[in-house]
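Below are the chains, spelled out letter by letter.
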Amino acid sequence: MKEFYPWSKTAYEEAIAKYKEGRLSILDVQLSGKCNYNCTYCDSPNRDLPCKIDFDHLEILIRKEPPLYQWMFICGLGEPLWAENKPALLKLLALCRELKIKCSFFTNGSHIDEQILDYVHTGILYPIIKIDTFSHELSKEIYNTPESHKTLKAMYDLFDIANDSKSEFCHVAASIVPTRKNFNEMTSIVHKCLENNVFPLLGQLEYAGNAIGNYDSLLLSREELLRLKSDISNAIGEEYKVPICPSVIAGIHIANDGWVSVDRRSGLSCSWFWLETPQTVKLCDVNAIGTFSEADRAIIEYRKKVIRQMIELTKQIEIHPFGGCGGNVRDLAEEYVKLQISLMNEG
C-alpha cells in the first residue's frame, strides 16, 4: 500500500533528523471551533471557540526561517473550510505555496471548491477527508445534515485528483471511523480508497462529545475490530498499520488561543494524543515570541521534565487494533521514548 505523503517514512525521517538538531520543523495550527456539522460521533461538538492567533505575526515568524518548515498541519477543532475559518486558511495556503511548504488538514469536505482543489492539484495541499460511508441516507444520519450530496461530491472530486497510479505517494487520505452504522461498508470503502490512490486511515471511536450519548450503540467489540483489521490486511496484502504523524513528535502545536501547548503528561505536540479531553500545558504565546526557536526550546525543556513519567505511562497503554489518527498509540509512544532517551544520552 502506498504511503500518505505527510505521514510517510520520508517525511517522518526528515522531521526527526531536524528534531535531533533541536529544531521542530512542522507547524500544527488550530483555527476556530466553528463547524457547520454536528456529526453523530464528533469528538467535541458545539465548540464555539474563537481563533486568537495573529496571522500577520505568524507569517512574520515563518518568513524568518522559511527553509526550516516542511509541513503545516491544520488539525483539531472545527472545520478549516467553514466560512469563518476560510480567510485564515487561504492566507496560510498562499504562504505555503510561496515558501514551498506543504499543508495538510482534516475536513468533512462540505465546502471544497475549485480554489481548494487547485492547491491539491499543484501539490501544496494533502487533505484528510472524512469518508465514513458512501450511502447518501447513512451520510445524512452520520453528519446530521440533509446535504450529504455535497460531502459525497467532494469525496469523488478528491478521488479524481488522487487517482494517479504513477505517483510514489498517496496525496489524499480518508479518515474512517468504523462503527455499527457503517461496519458492513468498511471493506468496500477501503477497496474504493485503494483503487483511487487514497490512503485509508482507520481510527478508533473516541468516548467524547456526541459519541458519549451514542457510544453503546456505535461501538464495535475488540473481536470485531480485530477481524476487520485482518480483512483489511488481506485486502492490501500486508499488515494494516496507521503511520506515525510526524507533527506529534516534531511539531509546534499552536492552539486556537494563540498559545504553544503540549500534552501535560507526555510533552507531545498533540492535545488529543491520549484520546480523551485534552490536558495541556501552555508554554509560550505565539503572538508574543520573536522567533520559533523560543517555542522549540520551551517544548524540548518540558519534555525533559516528563520523560520518566512518559516511560511509565508507555507500559500502561492498551494496544488498539487501529489506534488514533496520530498513529498507533503504542508505536508512537515507543518511538518517542526511544528518541528522547537517545537525545538525553547524547546531551
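A few points on the structure. (Residues numbered from 1 in each chain as written. Predicted model: local features only at pLDDT ≥ 70, side-chain atom pairs only at ≥ 80, totals over all residues. Heavy atoms only, no water.)

The topology assignment puts N85 in the loop between strand 2 (71-74) and helix 3 (86-99). Discounting residues that sit within four places of it in the chain, N85 has contacts with L31, S32, K34, E79 and P80. (Helix = DSSP H or I, 4+ residues; strand = E, 2+ residues; numbered from the N terminus. Contact = heavy atoms within 4.5 Å.)

Turning to helix 7 (residues 186-195), a few remarks are in order. Turning to helix 7, its buried residues number three or more, namely M186, I189, V190 and C193. Viewed end-on, helix 7 has its buried residues packed into an arc of 95 degrees, placing them on one side of the element. Buried-residue contacts for helix 7 involve helix 6 (148-162), strand 5 (172-176), strand 6 (198-202) and helix 9 (222-236). Residue N197 follows helix 7 closely and has a positive phi angle near 60 degrees. (Buried < 20%, exposed > 50% of the residue type's maximum accessible area, 1.4 Å probe, protein only. Arc of directions from axis to C-beta.)

This paragraph deals with the state of the cysteines. All chains considered together, the criterion is met by zero disulfides. C193 supplies the cysteine sulfur nearest to C170, a cysteine that is in no disulfide, at a spacing of 9.1 Å. By relative accessible area, which is 3% here, C170 ends up buried. Considering cysteine sulfurs only, C75 is the nearest to C245, which forms no disulfide, with 6.7 Å between them. (Disulfide = S-S within 2.5 Å.)

All right, on to helix 5 (residues 136-143) then. Among the residues of helix 5, those classed as buried are L138, S139, I142 and Y143. Projected down its long axis, helix 5 shows its buried positions confined to an angular sector of 115 degrees, all on one face. Tucked inside the fold, the buried residues of helix 5 contact strand 4 (128-130) and helix 6. Of the residues flanking the end of helix 5, it is N144, one or two places downstream, whose phi is positive at about 55 degrees.

With that out of the way, let us pick up the packing of aromatic side chains. Per the counting criterion, the structure on display carries twelve aromatic pairs. Note on Y5 and F169: the rings are 4.5 Å apart at their centroids and 10 degrees apart in plane angle, and the pair reads as stacked. Of this pair, Y5 sits in the segment before helix 1 (9-19) while F169 sits in the loop between helix 6 and strand 5, and the two are 164 residues apart along the sequence. For the pair formed by Y5 and F169, the shared burial category is buried. (Phe/Tyr/Trp six-rings, centres within 6.5 Å; stacked < 30°, edge-to-face > 60°.)

This part covers the pattern of salt bridges. Within the structure shown, the criterion is met by 20 salt bridges. A salt bridge links R23 to D296; the nearest nitrogen and oxygen atoms lie 2.8 Å apart. Taken as a pair, R23 in the loop between helix 1 and strand 1 (26-29) and D296 in helix 11 (residues 293-314) lie far apart in primary sequence, 273 residues in all. D296 sits in the buried class, given a relative accessible area of 1%. Within this structure, D56, E59, R63, K91 and E98 form a network of salt bridges that share partners. (Salt bridge = Lys/Arg side-chain N within 4 Å of Asp/Glu carboxyl O.)

It is worth spelling out the packing of helix 4 (residues 114-121) against helix 6 at this point. It is at 10 Å that the axes of helix 4 and helix 6 come closest, and there the two elements cross at 25 degrees. In terms of orientation, helix 4 lies roughly parallel with respect to helix 6. The two elements helix 4 and helix 6 meet at a crossing, and its hand is right-handed. Across from L117, V120 and H121 in helix 4, the residues of helix 6 making contact are D157, L158 and I161. The residue makeup of the contact of helix 4 with helix 6, split by class, is four nonpolar, one polar and one charged. (Axes fitted to C-alpha atoms, helices over the stretch in contact; angles between N-to-C directions. Parallel < 35°, antiparallel > 145°, perpendicular 65-115°, else oblique. Left-handed = near helix turned anticlockwise from the far one by under 90°. Nonpolar A, V, L, I, M, F, W, Y, C, P; charged D, E, K, R; others polar.)

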